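Observations on chain architecture
Chain by chain, the residues:
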Amino acid sequence: MKRLCQYIKVVDLVFEVVDARCPLSSRSPQIEQLAPGKSRLLVLNKADLADPSVTEKWLSFFRQAGEKALAVDSREGKGFRRLSFLLENFSKEVNEKLRKKGRKPRELRAAVVGVPNVGKSTFINRLIGRRIASVGNRPGITKGPQWIRVGKVFLLDTPGMLPPRLESEGVIFKLAAVGVLKMENYDVMEVANRLLQLLEGFYPGVVGNYFGITPGDDLFLEQLALKKKFLLPDGVPDQDRAARFLLELFQEGRLGALTLERPC
Ligand SMILES: Nc1nc2c(ncn2[C@@H]2O[C@H](COP(=O)(O)OP(=O)(O)O)[C@@H](O)[C@H]2O)c(=O)[nH]1
Ligand SMILES: [Mg+2]
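Residues numbered from 1 in each chain as written. Chains lettered and ligands numbered in written order. Predicted model: local features only at pLDDT ≥ 70, side-chain atom pairs only at ≥ 80, totals over all residues. Heavy atoms only, no water.

Next up on the list: the confidence of the model for the protein chain. Averaged over every residue, the pLDDT of the protein chain is 90; the share at 70 or more is 92%. Of all secondary-structure elements in the protein chain, the lowest mean pLDDT belongs to helix α1 (residues 2-10), at 79, while helix α3 (residues 52-64) reaches the highest, 98. (pLDDT = per-residue confidence, 0-100. Helix = DSSP H or I, 4+ residues; strand = E, 2+ residues; numbered from the N terminus.)

For R21, the location among the structural elements is in the loop between β1 (13-19) and α2 (31-34). A polar contact is formed between the side chain of R21 and the side chain of D19, at a distance of 2.8 Å. Aside from chain neighbours lying at most four places away, what touches R21 is K46, L49, A50, V178, F250, Q251, L258, T259, L260 and E261. (Polar contact = N/O pair within 3.5 Å; in protein donor to acceptor, adjacent residues only side chain to side chain. Contact = heavy atoms within 4.5 Å.)

Moving on to the state of the cysteines. Under the criterion given, the structure shown has 0 disulfides. Free of any disulfide, C22 has its nearest cysteine sulfur in C264, 15 Å distant. Classification of C264 by relative accessible area gives exposed; the value is 96%. (Disulfide = S-S within 2.5 Å. Buried < 20%, exposed > 50% of the residue type's maximum accessible area, 1.4 Å probe, protein only.)

Before going further, it helps to spend a moment on the pairing of β1. Regular strands have side chains that alternate between both faces of the sheet. Among the 7 residues of β1, 7 are classified as buried, and the element is accordingly described as predominantly covered. In β1, alternate side chains face the same way, and those of L13, F15, V17 and D19 on one face and V14, E16 and V18 on the other are all buried. The sheet contact formed by β1 and strand β2 (residues 39-45) spans 7 bridges and is parallel. Across the sheet, the residue bridging to L13 is S39, located in β2. (Pairing = 2+ DSSP bridges.)

As a further point, take the packing of aromatic side chains. To describe a pair of aromatic rings, you give the distance between the ring centres and the angle between the ring planes. Per the counting criterion, the structure on display carries 10 aromatic pairs. Plain terms: the ring middles of F230 and F245 are 5.4 Å apart, the flat faces sit at 80 degrees to each other, and that makes the pair edge-to-face. Of this pair, F230 sits in the loop between α9 (220-227) and α10 (239-251) while F245 sits in helix α10; the two residues are 15 residues apart in sequence, bridging distant segments of the chain. Of the aromatic side chains, those joined through ring pairs into one cluster are Y210, F211, F220, F230 and F245. (Phe/Tyr/Trp six-rings, centres within 6.5 Å; stacked < 30°, edge-to-face > 60°.)

Right, dumping it as structure tokens:
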């Protein structure tokens, strides 16, 4: 964390990567202290897995709050043309300010930060693409991460890992459901049941229809286990396995593009 702070000090722009399926819950509470006063671009990654209409609402919500926000799919490279455009504009803005102060124009420096598993590395790789060009270490930084040139910007090739928000059960189960938190540490059945309940509220019938199970049924996991023939040796439905199966499908977006929270 201390090392990350050192880098953040020298960057002009911080890409704050979050999961588009829960853009508030997957924001780290540490970001404010880490980069006070820094220009930030909120990247709603995994937009392919999120409900597009809700993503639009989130973007309006953040922009109304005065933040720069953008939705991308780092795996397929969607949204990156717009990102390059934003970077270009940002570079012009910063250099205009420098020029007014009588200073020479220069390349911008940027870093990527975010909680685990939101796609920071995938985002960096996508951004770097084929333009990869290591420029080695810059003065003052003797080892560790490298700066890579991306257009007019020098990007730190190693993302900064931020601690996730763990303030309430309501947030924690979403982070577990999207894979920010490792499932081993949670009660999978509880996470799956909460996810089912939440999805049933936002997308009535969708999960039930996918599996051909009565929507809103209390015994959903039991029914799912029976349907999939996930049985324990004594023939009892293996709900734990059903829960894992459900969460896996959700994480891969197989149940559809579904978002877990909406702006108020
Ligand atoms: N569907 C989808 N998956 C993504 C996207 N970005 C990353 N991933 C996947 O999310 C997982 C975590 O990505 P990674 O870049 O390692 O996350 P990091 O821990 O934040 O660096 C990997 O399985 C990626 O393939 C995206 O935009 N869409
Ligand atoms: Mg990574």
